[in-house]
Amino acid sequence: MNKFAKTLVSAAVITTAMTATTTAVNAADKVLLKTPIAFGSHLPALGTPIKWVSEQLPVMSDGSIKMKIYEPGKLVGAKEILGAVSSGKVNSGYATAGYWQGKIPAAAIFSAVPFGPEAGEYMAWLYYGNGMKLYQEMYDSNGYNVKVIPCAIISPETSGWFKKEINTPEDLKGLNMRFFGLGASVMEKLGVSTSQLPGGEIFGALEKGAIDATEFSQPAIDQRLGLYKIAKYNYFPGWHQQATIFELLVNKDTWNKMSKGQQAIVDNTCKASVTNAIAEGEAMQFDVMAKAKENGVHIRYWNDNMLKTFEQKWDEVVAEKTAEDPFFKKVWDDLSTFRKGYDLWEANAFLPRARND
């Protein structure tokens, strides 16, 4: 074999070896996120955001990241998602942090806050205040092996569906009501017995009389559950959830094995989903509300006395929770400081909202 031929053979061997190595590396670098979700992917702005993310990730990453979503209860229960992701039973999950408040009291602050920030202010605190630092610290300090990424946000929910008019705080006493998050503690102070039923169980519980009233989400989402068929009084504003955050949890071992580029793709796709989710939610509520009368629904806005009462009871709840849990206090104090600064902007920048009374 002459020198030129030997050179060609050597080059071919090296090229083949390099190609094989590159192929092996690329195969090893591919990530499949198996993602149980807490909300059905058919629910607009609640479950649709993570479905959108699962469609975008392979496109954004040229196929190096894929996500397979599992509908509620198909792989793990909604309230088991945090533990399952942390342990590595699954490598990711989609839920809202309020589900973990029984184990981590401060988790509720990263989900929805009564009389709390609207979506814009919430995002400002998370991304440009100390919100994300505290959010991750919460999981780390409680021993959870997860990376947390906000992956959707929705604007106000309805305040509840009732079978009768509610005009005074006394009208609430003795009711059994499905209620979420920190708002449930407020309702309990007003004599309401609360439970946090998953969305799929609410209609049956209302129909059978196991609960007298419920809140769940925005009008377009509540319509999908058929709540209007049983409870005809729909109250606003959603004082308990002016904005609600939804999180993507990724097992930290999985996260740390991903390249910086892959991490950025997941992070930024979720950030895009936050924008997409709030746009979707804002676009679909008014049509549903406009047609509510056709279904015999009475839309009500809480009177000043009721709103004042809710806020007073909320202040009591905050005082109790900050006294009971040091990390809750740490997060609450930081959010409160941010909001006091934001007040100067908010008070001067926005026009008063229109009301249809």
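Located above this text is the structure these notes cover.
First things first, this report covers the structure right here in the doc. Not measured: the values here are computed from a predicted model.

### Quick word on the environment of isoleucine 278
Note that isoleucine 278 resides in helix 10 (residues 260-290). A C-alpha to C-alpha distance of 6.5 Å links isoleucine 278 and serine 155, two positions 123 residues apart in sequence. If we skip the residues at most four places from it in the chain, isoleucine 278 touches Ala119, Ile153 and Ser155.

### Examining the sheet that holds strand 5 (residues 160-162)
Sheets are built from strands paired through backbone hydrogen bonds, the pairs being either parallel or antiparallel. A sheet is described by the order of its strands in space; here 6 strands give the open sequence 7-6-8-5-9-11, paired in mixed fashion. Single-partner strands in this sheet number two, and they are strand 7 (193-195) and strand 11 (298-301). The pairing of strand 5 with strand 9 (residues 233-236) spans 3 bridges and is classified as antiparallel. Its bridge partner being in strand 9, tryptophan 161 is matched across the sheet by asparagine 234.

### Overview of helix 4 (residues 119-128)
Residues of helix 4 that are buried include every one of Ala119, Glu121, Tyr122, Trp125 and Leu126, and no others. Summarising the contacts, the buried residues of helix 4 are in contact with helix 5 (131-141), strand 4 (146-154), strand 10 (244-251), helix 10 and helix 12 (326-349).

### Looking at the sheet that holds strand 3 (residues 92-95)
Pairing within the open sheet is antiparallel, and its 3 strands lie in the order 3-10-4. Here the strands that pair on one side only, and so sit at the sheet edges, are strand 3 and strand 4. Along the sheet, successive strands turn relative to each other by an average axial angle of 20°, direction set aside. As paired elements, strand 3 and strand 10 share 4 bridges and run antiparallel to each other.

### Considering the pairing of strand 10
Burial analysis of strand 10 places 8 of its 8 residues in the buried class, which makes it a mostly covered element. Burial along strand 10 is two-sided: Thr244, Phe246, Leu248 and Val250 facing one way and Ile245, Glu247, Leu249 and Asn251 facing the other are all buried. As judged from the 8 bridges shared by strand 4 and strand 10, these two strands associate in the antiparallel manner. Of the residues in strand 10, the one forming a bridge with valine 148 is leucine 249.

### Quick notes on the pattern of salt bridges
Scanning the entire structure with this criterion turns up 10 salt bridges. Salt-bridge contacts for lysine 330 lead to glutamate 137; the nearest nitrogen and oxygen are separated by 2.7 Å. Taken together, the residues span a long stretch of sequence, with lysine 330 in helix 12 and glutamate 137 in helix 5 at a distance of 193 residues. The partly exposed category is assigned to lysine 330, whose relative accessible area is 39%. Lysine 252 is the salt-bridge partner of aspartate 140, the closest N and O atoms lying 2.8 Å from each other. Placement of the pair is aspartate 140 in helix 5 and lysine 252 in helix 9 (residues 252-257), with a sequence separation of 112 residues.

Rules and cut-offs
- Residues numbered from 1 in each chain as written.
- Predicted model: local features only at pLDDT ≥ 70, side-chain atom pairs only at ≥ 80, totals over all residues.
- Heavy atoms only, no water.
- Helix = DSSP H or I, 4+ residues; strand = E, 2+ residues; numbered from the N terminus.
- Contact = heavy atoms within 4.5 Å.
- Pairing = 2+ DSSP bridges.
- Buried < 20%, exposed > 50% of the residue type's maximum accessible area, 1.4 Å probe, protein only.
- Axes fitted to C-alpha atoms, helices over the stretch in contact; angles between N-to-C directions.
- Salt bridge = Lys/Arg side-chain N within 4 Å of Asp/Glu carboxyl O.

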